[in-house]
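Chain residues, written in single-letter form:
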Amino acid sequence: MQVITGTREFQINEPTVVTIGKFDGRHKGHQKLLRKMQELKESEGLRIAVFTFDMAPMGVVTGHSVTVITTNEERRRKLERMGVDYLVEYPFDREIAHMDPETFVKKILVGQMHAKAITAGPDCSFGYMGAGNVELLRILSDQCGFKAVIIEKEQDEHRDISSTYVREELTLGNIEKANELLGEPYTIGGTVVHGNHLGGPVLGFPTVNLLPPPEKHLPPFGVYVTRVLIDEEEQTARKQTVGNHQKVFGGISNIGRKPTISGDNPVSVETYIMGFDGDLYGKRIEVQFLNFERPETKFDSLEALKEQIGKDRNYGERYFREHPEFLREI
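Right, let's walk through the structure included here. (Residues numbered from 1 in each chain as written. Predicted model: local features only at pLDDT ≥ 70, side-chain atom pairs only at ≥ 80, totals over all residues. Heavy atoms only, no water.)

### Here we look at the packing of aromatic side chains
For the structure on display, the rule yields 11 aromatic pairs. Residues Phe104 and Phe126 carry aromatic rings whose centres are separated by 6.1 Å and whose planes lie at 35 degrees to one another, so their mutual orientation is tilted. Separated by 22 residues along the polypeptide, Phe104 in helix H5 (residues 101-112) and Phe126 in the loop between strand E5 (115-120) and helix H6 (134-144) bring together distant segments of the chain. A single burial state applies to Phe104 and to Phe126, both of which are buried. Note on Phe249 and Phe276: the rings are 5.4 Å apart at their centroids and 80 degrees apart in plane angle, and the pair reads as edge-to-face. With Phe249 in strand E12 (residues 246-256) and Phe276 in the loop between strand E13 (268-273) and strand E14 (284-295), this residue pair connects regions lying 27 residues apart in the sequence. For the pair formed by Phe249 and Phe276, the shared burial category is buried. An aromatic cluster of at least three residues, connected via ring pairs, comprises Phe51, Phe53, Tyr90, Phe92, Phe104 and Phe126. The ring of Tyr165 has Arg159 lying over it, and the distance from NZ or CZ to the ring centre is 4.1 Å. (Phe/Tyr/Trp six-rings, centres within 6.5 Å; stacked < 30°, edge-to-face > 60°. Helix = DSSP H or I, 4+ residues; strand = E, 2+ residues; numbered from the N terminus. Buried < 20%, exposed > 50% of the residue type's maximum accessible area, 1.4 Å probe, protein only. Lys NZ or Arg CZ within 6 Å of the ring centre and 35° of its normal.)

As C-alpha cells, this is what we get:
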C-alpha cells in the first residue's frame with residue numbers, strides 16, 4: 001500500500017475506486033464498503049484508494065480534542081491488510097474545511113486521485129459544512145465520468161454501525177460488544193517500552209509495556225484477557241514459523257496507572273504474554289482485547305498484587321481453554 005501523507009501535492013496516475021472517510025476502527029460497515037471496492041477492482045481493473053485526513057477533522061473545526069479507536073499507524077496497518085492500494089492522509093485545516101464539495105470532488109478525487117468510481121454510504125457528507133451528499137455525487141458522476149456506487153449501511157439491531165457506536169460500547173466497558181461491531185478485537189498497538197521492571201524480578205510475571213497516545217480511545221481501566229500479535233521478524237531469533245507474518249500468544253493485560261506502584265505513573269498497557277520468553281523492547285506488537293476480567297485495583301502490598309496476578313493468569317488460561325480459536329495463527 002502506498003501512503004500519501006503530509007502533502008497536498010500528489011498525483012495518482014492509475015484509475016481508482018475511491019472512498020472518503022475517517023475509517024476509525026475499520027468496523028463492519030467499513031469492511032462492507034471495502035469488500036465492494038475489492039469487487040470493483042477485480043471487475044473493472046481499478047486500484048483501491050482511500051481518502052482520509054491526517055487527524056480527526058472535528059478537532060480542527062470545533063477546537064475540542066477527539067479520541068479515536070484506531071491511531072493513524074493502526075489504521076494504516078488495518079487498511080493495508082484489507083487490500084487498499086493507496087491511502088491519502090490529506091492535511092486538514094480550516095482552508096480544506098472551507099472547500100466547496102464540487103471543487104473537492106473535481107480537484108482532489110477526480111483530478112488528483114484519478115477516480116473512475118466513488119463509493120459512499122447513503123448519508124455521506126463532504127465539503128464545506130458537509131454540504132456534499134449522495135445527490136450531488138450522482139450529478140457530478142455524470143459531469144466528471146465516474147461511477148457513483150452507494151452502499152447501504154451495515155446495521156446492528158436496527159442501529160447503524162458506526163465509530164460513535166463502537167466508542168460508546170468501549171466507554172461502557174462492553175469489550176465483547178465493541179468487538180462484535182468491529183468484526184475483530186479492539187486493538188492497541190505500539191512499540192514496547194521499559195516499565196517499572198517489577199514484573200519478572202519482583203512479581204514473578206515478566207511483562208511488556210505500551211504507552212497509548214493521548215488521542216487513543218480506551219476502555220475502562222482494568223484487567224483484560226488479550227491476544228498478543230508479534231510480527232514475524234521479531235521472532236526470527238526463536239526460529240518459529242509464522243502464518244501471515246505474525247505469531248499469536250495469549251495474554252493478560254492491565255490498562256491503567258498501576259496504583260499499587262508508587263509514583264505518578266502514565267496510563268499504560270502492561271501485558272503478561274503466556275508462553276513467551278523473548279526480548280521485545282523497541283519492537284512493535286499488537287494487543288487485542290477479548291474479555292474484561294476485573295477493574296484496576298490498588299493493593300495493600302506487592303505480595304497481594306502478586307497473588308492477584310496469579311489468579312488473573314489462571315483466569316486467562318481458562319478463557320483460552322474454552323476459546324482456543326483465539327490462539328490460531330492469523
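### Focus on the nonpolar core
Inside soluble globular proteins, nonpolar side chains tend to come together where they are buried. Core analysis: the biggest nonpolar cluster contains 29 residues, and Phe51, Val105, Ile108, Leu109 and Met113 have the highest contact counts within it. Setting aside residues no more than four positions away along its own chain, Met113 makes contact with Phe10, Ile12, Glu14, Thr16, Val18, Ala49, Val50, Phe51, Val88 and Ile108. Formed by 26 residues, the second largest nonpolar core is a distinct cluster that contains Ile69, Val166, Leu170 and Leu210. (Core = buried A, V, L, I, M, F, W, Y, C linked by side-chain atoms within 4.5 Å. Contact = heavy atoms within 4.5 Å.)

### Remarks on helix H8 (residues 175-182)
Among the eight residues in H8, six count as buried, and that is most of the element. Along H8, the positions that sit buried rather than exposed are Ile175, Lys177, Ala178, Asn179, Leu181 and Leu182. Where H8 is buried, its residues touch helix H1 (28-44), strand E7 (155-156), helix H7 (163-172), strand E9 (186-191), strand E11 (222-231) and E14. One or two steps after H8, the chain reaches Gly183, where phi turns positive at roughly 75 degrees.

### A look at the side chain of Asn209
Within the secondary structure layout, Asn209 lies in strand E10 (residues 208-210). Polar side-chain contacts of Asn209 include one of 2.8 Å to the side chain of Lys258. With sequence-adjacent residues up to four places away left out, Asn209 is seen in contact with Thr191, Val192, Val193, Gly195, Lys258, Ser268, Val269 and Glu270. (Polar contact = N/O pair within 3.5 Å; in protein donor to acceptor, adjacent residues only side chain to side chain.)

### Section: the sheet that holds strand E3 (residues 47-53)
Adjacent strands of a sheet pair through backbone hydrogen bonds, lying either parallel or antiparallel. Spatial strand order, E1-E4-E3-E2-E5-E6: six strands in an open sheet with parallel pairing. The outermost strands of the open sheet, each flanked by one partner alone, are strand E1 (2-5) and strand E6 (147-150). Each strand axis lies, on average, 20 degrees off the axis of its neighbour in the sheet, ignoring direction. Direction of pairing for E3 relative to strand E4 (residues 86-90): parallel, over a ladder of five bridges. The residue bridging Phe53 from the neighbouring strand is Tyr90, located in E4. Strands strand E2 (16-20), E3, E5 and E6 of the sheet are contacted by H1, whose axis makes an angle of about 145 degrees with E3. (Pairing = 2+ DSSP bridges. Axes fitted to C-alpha atoms, helices over the stretch in contact; angles between N-to-C directions.)

### Here's the deal with the sheet that holds E11
If you walk across this open sheet you meet the six strands as E9-E14-E11-E12-E13-E10, and the pairing is antiparallel. Both edges of this open sheet fall to E9 and E10, since each of them pairs with a single strand only. On average, each strand axis in the sheet is inclined to that of its neighbour by 35 degrees, with strand direction left out of account. Helix H10 (residues 302-322) contacts E11, E12, E13 and E14 of the sheet and is inclined by roughly 100 degrees relative to E14.

### Describing H7
Think of an α-helix as 3.6 residues a turn; residues three or four steps apart then line up on the same face. Inspection of H7 places Ser163, Tyr165, Val166, Arg167, Glu169 and Leu170 among the buried residues, and these make up the whole buried set. For H7, the secondary structure elements touched by its buried residues are H1, E7, strand E8 (159-160), H8 and E9. Of the residues one or two after H7, Gly173 is the one with positive phi, at around 85 degrees.

### Side note on unusual backbone geometry
In the Ramachandran plot, Arg26 falls in the positive-phi region, its phi being about 45 degrees despite a non-glycine side chain. Assignment of secondary structure puts Arg26 in the loop between E2 and H1. The backbone of His158 sits at a positive phi, close to 70 degrees, despite the residue not being glycine. On the secondary structure map, His158 appears in the loop between E7 and E8.

Nothing here speaks to function; it is all geometry.
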